Amino acid sequence: MALKQVLAIGDLAARTGLSVSAIRFYEEKGLITPHRNAGGHRRYMRSDIRRLSFVMITQKLGFSIDDIAAEMRTLPKGRTPTAKDWEAISARFITVLDEKINELTRMRNNLNGCIGCGCLSLDKCALYNAEDEKGENGPGPQNIFPSRKEKA
């Protein structure tokens, strides 16, 4: 049996596990673009399964719909993206993910430092923040989230 080259919205929903309303939402956001048949019904390319799968995965990784949409606009319109197309878009997401992983690793490694020290005093902490030097860099946990002033 040959695979259908175009899918009705219900078929796309069944294949992706998304609700029809979610597919319409992604369509409104420009993440997929259906074709209309003679009766005006939406018809999707089989490649929209991959596009929607990519959207679901990148959302789970913490990317916003706007970020995903901006990157997906670089994919070709009117044809199925190639492996090279997906490699290029994935590389940009991987760069951001690597930055997030580094930040999370730094936070994990420093979590026991100041927070776990137990002195709970900025006035008496000679080990991590003598005389509240970190306070000059801005608000918040400076050992975990360095301010822009400290990065410069």
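Note: the structure precedes this text.
Okay, so let's go over this structure. Throughout, a residue's number is its position along its own chain's written sequence, starting from 1. Two thresholds apply to this predicted model, a pLDDT of at least 70 for residue-level local features and 80 or more for giving and counting side-chain atom pairs, whereas whole-chain, interface and lining totals are computed over all residues. To obtain the side-chain values, all non-hydrogen atoms of the structure were included, while hydrogens and water were left out.

What follows concerns the packing of aromatic side chains. Aromatic ring pairs are described here by two measures, namely the spacing of the ring centres and the angle between the planes. Aromatic contacts are taken between Phe, Tyr and Trp rings whose centres are within 6.5 Å, Trp giving its six-membered ring; a plane angle under 30 degrees counts as stacked, one over 60 as edge-to-face, and the others as tilted. If you walk through the whole model with that rule in mind, you get four aromatic pairs. Geometrically, the ring pair formed by Phe 63 and Phe 93 is edge-to-face, given 4.5 Å between the ring centres and 85 degrees between the ring planes. You can see Phe 63 sitting in the loop between helix H3 (47-60) and helix H4 (65-72) and its partner Phe 93 sitting in helix H5 (residues 83-110), a full 30 residues away along the chain. In terms of burial, Phe 63 and Phe 93 fall into one category: buried. Through a chain of ring-to-ring contacts, the aromatic side chains of Phe 54, Phe 63, Trp 86 and Phe 93 assemble into a single cluster. Distance and angle both matter: a charge sits over a ring if NZ of Lys or CZ of Arg is within 6 Å of the ring centre and within 35 degrees of the ring normal. The cationic tip of Lys 100 hangs over the ring face of Phe 63; the distance from NZ or CZ to the ring centre is 4.8 Å. Where helices and strands are cited, they refer to DSSP runs of H or I of at least four residues and of E of at least two residues respectively, numbered from the N terminus. Note on classification: 1.4 Å probe, protein chains only; a residue is buried when its accessible area is under 20% of the maximum for its type, exposed when over 50%, partly exposed between these limits.

Take Asp 48: it is sitting in helix H3. Residue Asp 48 is classed as buried on the basis of its relative accessible area of 3%. When residues no more than four places from it in sequence are discounted, the contact partners of Asp 48 are Leu 12, Ile 32 and Thr 33. Residue contacts follow a heavy-atom distance rule, with two residues in contact if any of their heavy atoms lie within 4.5 Å.

Any functional reading would require information beyond the geometric quantities listed.
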